[in-house]
Amino acid sequence: MNEYNAAFFGLFENVFLTLKENLGPEQALTLFRKIMVNGLKKAYGTDFIKGEPLEFQRIVIERDNNVGLKVDCEFTSPEKQDFYYRFYDYPFPNLKDHIESKDLDDTFINFKVNYLLGENWSYKTTKHIWNGDGLTEFLVYKNQLTI
């Protein structure tokens, strides 16, 4: 596994800070989300089975490891639907004092979940490095149908 790629992620941090300084926080988030979507869409391609949790795990772990992030996924039940997606290091540590973690996370986690699994999937943050936790953890789950 590669070590954390500070130069790679630092470029994105600088882009966000420049956007925020020149356009304000809301527009910076909007544009940063578009940057993340465009980059991740190219990185993930289309050679996967959408909606399949094992495919999500295979793809995100492989890509995240390739850019130096230590991540893993663990199912919460034997049915292998809901699972934890964990970051042992955070891609944008230098943005901690510049944006709320939930807003920044949503620029890339929401895309990953929707693109690889579908709009009937969601996530919630259960732990975050910025809050003093030892890792950042997202519970990824299939939305329940309500009648």
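Calculation notes
- All chains use their own residue numbering, which begins from 1 and follows the written sequence.
- Since the coordinates come from a predicted model, pLDDT governs what is reported: local features require at least 70, and pairs of side-chain atoms require 80 or more to be given and counted, while whole-chain, interface and lining totals use all residues.
- Side-chain measures were taken over the full set of non-hydrogen atoms in the model, leaving aside hydrogen atoms and water.
- Pairing of aromatic rings covers Phe, Tyr and Trp, the last through its six-membered ring, and needs centres within 6.5 Å; plane angles under 30 degrees mean stacked, over 60 mean edge-to-face, and all others mean tilted.
- Every helix listed is a DSSP run of H or I at least four residues long, and every strand listed is a run of E at least two residues long, numbered separately from the N terminus.
- Working definition: with a 1.4 Å probe on protein chains only, accessible area under 20% of the residue-type maximum means buried, over 50% means exposed, and in between means partly exposed.
- Any two strands with at least two DSSP-identified bridges between them are counted as paired.
- Note on geometry: axes are C-alpha line fits, over the in-contact stretch for helices, and angles between N-to-C directions span 0 to 180 degrees.
- In what follows, residue pairs with any heavy atoms lying within 4.5 Å of each other are defined as contacts.
- For each structure, a 1 Å grid was placed over the protein atoms alone; sets of points admitting a 1.4 Å probe that cannot get out are labelled cavities, open sets with protein on both sides within 12 Å along at least five of seven lines are labelled pockets, and lining residues have an atom within 4 Å of a point.
- Grid points are joined across faces, edges and corners, and a volume is the space filled by probe spheres set on the points.
- The residue classification treats Ala, Val, Leu, Ile, Met, Phe, Trp, Tyr, Cys and Pro as nonpolar and Asp, Glu, Lys and Arg as charged. All others, Gly included, are polar.

**Student:** Before we go on, may I ask you to explain the packing of aromatic side chains in this structure?
**Tutor:** For any two aromatic rings, the description comes down to two numbers: the centre-to-centre distance and the angle of the planes. Evaluation of the coordinates by the stated rule reveals 19 aromatic pairs. Ring geometry for phenylalanine 8 against phenylalanine 9: centres 4.9 Å apart, planes inclined by 80°, an arrangement best described as edge-to-face. Ring geometry for phenylalanine 111 against tyrosine 115: centres 4.9 Å apart, planes inclined by 20°, an arrangement best described as stacked. Residue phenylalanine 111 and its partner tyrosine 115 are located together in helix H5 (residues 109-116), separated by four residues, close to a single helical turn.

**Student:** What should I look at first to understand unusual backbone geometry in this one?
**Tutor:** A negative phi angle characterises most non-glycine residues, just as the trans form characterises most peptide bonds. Even without being glycine, lysine 80 reaches a positive phi, approximately 55°. Turning to its location among the elements, lysine 80 is positioned in the loop between strand E1 (71-75) and strand E2 (83-87). Judged by relative accessible area, lysine 80 falls into the partly exposed class, the value being 44%.

**Student:** Help me understand the environment of phenylalanine 32, please; the structure alone is not making it clear to me.
**Tutor:** Looking at the element boundaries, phenylalanine 32 is found in helix H2 (residues 25-44). Sequence-wise, phenylalanine 32 and threonine 136 are 104 residues apart; in three dimensions their C-alpha atoms are separated by 20 Å.

**Student:** What is the right way to read the sheet that holds strand E4 (residues 136-142) from this model?
**Tutor:** In space, the four strands of this open sheet follow the order E1-E2-E4-E3, with antiparallel pairing throughout. Here the strands that pair on one side only, and so sit at the sheet edges, are E1 and strand E3 (121-127). Here the average twist between neighbouring strands, direction ignored, is 25°. Helix H3 (residues 53-66) contacts E1, E2 and E3 of the sheet and is inclined by roughly 165° relative to E1. Contacting E2, E3 and E4, H5 crosses the sheet at an angle of about 145° to E3.

**Student:** Explain the layout of surface pockets to me, please; I cannot follow it from the model alone.
**Tutor:** Think of a ball as big as a water molecule: rolled over the atoms, this probe shows where empty space is left. Considered as a void within the structure, the largest pocket measures approximately 230 Å³ in volume. If you trace the largest pocket, you find 16 residues lining it, with Phe8, Phe9, Met36, Leu40 and Arg63 closest to the centre. Within the residue set of the lining of the largest pocket, elements represented by two or more residues are helix H1 (6-23), H2 and H3. Looking at the lining of the largest pocket, the element that brings in the most residues is H2, giving four residues. Classifying every residue of the lining of the largest pocket gives 12 nonpolar, one polar and three charged.

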